[in-house]
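Below, each chain spelled out in residue letters.
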Amino acid sequence: MQIAILGTGKMARGIAYALRETAHDITFASREPARAEALAREMSSENARTYQGTSYASAAARADVAFLAVPFVVAPTLVTSLRDHLHEKVLVDLTNPLNDDFTGLTTLDGTSAAEEIARVAGPRVKVVGALKHTFSGTFAEPTLNGGPAPDVLIVGDDAAAKQKVAELVTAMGFGALDAGPLKVARTLERMTLLLIDLATRNHWNWNAGFKILK
Ligand SMILES: NC(=O)c1ccc[n+]([C@@H]2O[C@H](COP(=O)([O-])OP(=O)(O)OC[C@H]3O[C@@H](n4cnc5c(N)ncnc54)[C@H](OP(=O)(O)O)[C@@H]3O)[C@@H](O)[C@H]2O)c1
């Protein structure tokens, strides 16, 4: 598959690293294509595989699956500009609508970042919410010092798209759980807030995640 990672920050690096042993083609995208190309060169030199780098539009145009790894505050505008390139493709929304001090959400009750992304993307883009409470620091070693890997709760209204994302998340080394329709992102985004609060108060060094035991 062609994977686009929209962004060049912490989550972009984490996702790309966690997929290093897959056969997928992975392309970073940036407002400054040279930044995406430089990150691709850096990661290609560190891992036994090749990454690419380009603009947001070019990466979205060639993608089968695109990870939206940008701040929520800029995400609706970016997705609006890319949506024609994303028709019939999977857009993985990992954004959290956090306020400036990470103590609350900027979205109103009764909605979520994922639903806002889906609204601006339009009905032809298959938006899936995932990795919202997967800290970037856990991608390098999902087993967290040898323990069980955290679960990634996956939400969306298209079963085949969720299955595709579940396979990618499993390839990254995490557990994957279908948590229901896209509107359940309202809960997932609040779970992120809870995890940030727990990590901050307990000095967990951002090395924590949720695991459902059955
Ligand atoms: N960090 C975590 O542990 C974590 C965990 C789960 C979910 N998330 C979510 O994942 C998303 C990305 O988080 P991150 O930690 O990777 O953020 P980050 O390190 O700050 O990177 C964000 C990226 O967004 C791109 N971007 C595009 N337009 C931008 C703008 N106007 N201002 C700033 N950046 C812009 C930037 O790439 P270019 O400048 O190259 O375009 C930048 O590299 C966020 O929505 C966050 O809520 C984060």
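The structure under discussion appears in the preceding block.
First things first, this report covers the structure right here in the doc.

Parameters at a glance
Residues numbered from 1 in each chain as written. Predicted model: local features only at pLDDT ≥ 70, side-chain atom pairs only at ≥ 80, totals over all residues. Heavy atoms only, no water. Axes fitted to C-alpha atoms, helices over the stretch in contact; angles between N-to-C directions. Helix = DSSP H or I, 4+ residues; strand = E, 2+ residues; numbered from the N terminus. Left-handed = near helix turned anticlockwise from the far one by under 90°. Contact = heavy atoms within 4.5 Å. Buried < 20%, exposed > 50% of the residue type's maximum accessible area, 1.4 Å probe, protein only. Pairing = 2+ DSSP bridges. Near = heavy atom within 4 Å. Polar contact = N/O pair within 3.5 Å; in protein donor to acceptor, adjacent residues only side chain to side chain. Areas by Shrake-Rupley, 256 points an atom, 1.4 Å probe, with all protein chains shown as cover. 1 Å grid on protein atoms, 1.4 Å probe; cavity = no way out; pocket = protein on both sides within 12 Å on 5 of 7 lines; lining within 4 Å. Sits in = over half its atoms within 2 Å of the grid points. Nonpolar A, V, L, I, M, F, W, Y, C, P; charged D, E, K, R; others polar. Phe/Tyr/Trp six-rings, centres within 6.5 Å; stacked < 30°, edge-to-face > 60°. Lys NZ or Arg CZ within 6 Å of the ring centre and 35° of its normal.

**Examining the packing of helix α1 (residues 10-18) against helix α2 (residues 33-46)**
No. 1: Axis separation between α1 and α2 bottoms out at 12 Å; the angle between their running directions is 35°. Here the hand of the crossing between α1 and α2 comes out right-handed. Touching R13, A16 and Y17 of α1 are L39, E42 and M43, all from α2.

**What to know about the pairing of strand β4 (residues 65-68)**
No. 1: By the alternation rule, side chains of β4 split into V65 and F67 and A66 and L68, which are all buried.
No. 2: Where strand β1 (residues 2-6) and β4 come together, 4 bridges link them in parallel fashion. Bridging across to β4, I5 finds its partner in F67.
No. 3: With 4 bridges connecting them, β4 and strand β5 (residues 90-93) associate as parallel partners. By the bridge assignment for β5, L68 is matched with D93.

**So, the site of the ligand**
No. 1: Close to the ligand lie 21 residues; T8, S30, R31, Y56 and V70 are nearest.
No. 2: Taking S30, its side chain carries an N or O atom lying 2.5 Å from an oxygen atom of the ligand.
No. 3: For the ligand, whose unbound accessible area comes to 880 Å², protein coverage reaches 78%.
No. 4: Because more than half of its atoms lie within 2 Å of the grid, the ligand is assigned to the largest pocket.
No. 5: In terms of residue class, the shell around the ligand is built from 10 nonpolar, 7 polar and 4 charged.

**Brief notes about the pairing of strand β7 (residues 151-156)**
No. 1: Burial analysis of β7 places 6 of its 6 residues in the buried class, the great majority of the element.
No. 2: Alternating positions in β7 separate into two faces, D151, L153 and V155 on one and V152, I154 and G156 on the other, with burial throughout.
No. 3: Across 2 bridges, strand β6 (residues 126-129) lies against β7 in antiparallel orientation. Across the sheet, residue V128 finds its bridge partner in β7, namely G156.
No. 4: Sheet topology note: the β7/strand β8 (residues 175-180) ladder contains 5 bridges and is parallel. Residue V152 lies in a different strand from β8, and its bridge partner there is A176.

**Describing the packing of aromatic side chains**
Aromatic rings in a pair are described by how distant their centres are and how their planes are angled relative to each other.
No. 1: Following the criterion strictly, the structure yields 3 aromatic pairs and no others.
No. 2: Between F135 and W206, the aromatic rings sit 5.2 Å apart at their centres with planes inclined by 80°, giving edge-to-face as the arrangement. Separated by 71 residues along the polypeptide, F135 in the loop between β6 and β7 and W206 in the segment after α7 (185-202) bring together distant segments of the chain.
No. 3: Residue placement shows R20 over the ring face of Y17; its charged tip is 3.9 Å from the ring centre.
No. 4: Over the ring of Y51 we find R49; its NZ or CZ atom is 4.9 Å from the centre of that ring.

Take it as geometry only, folks, not as evidence of what the structure does.
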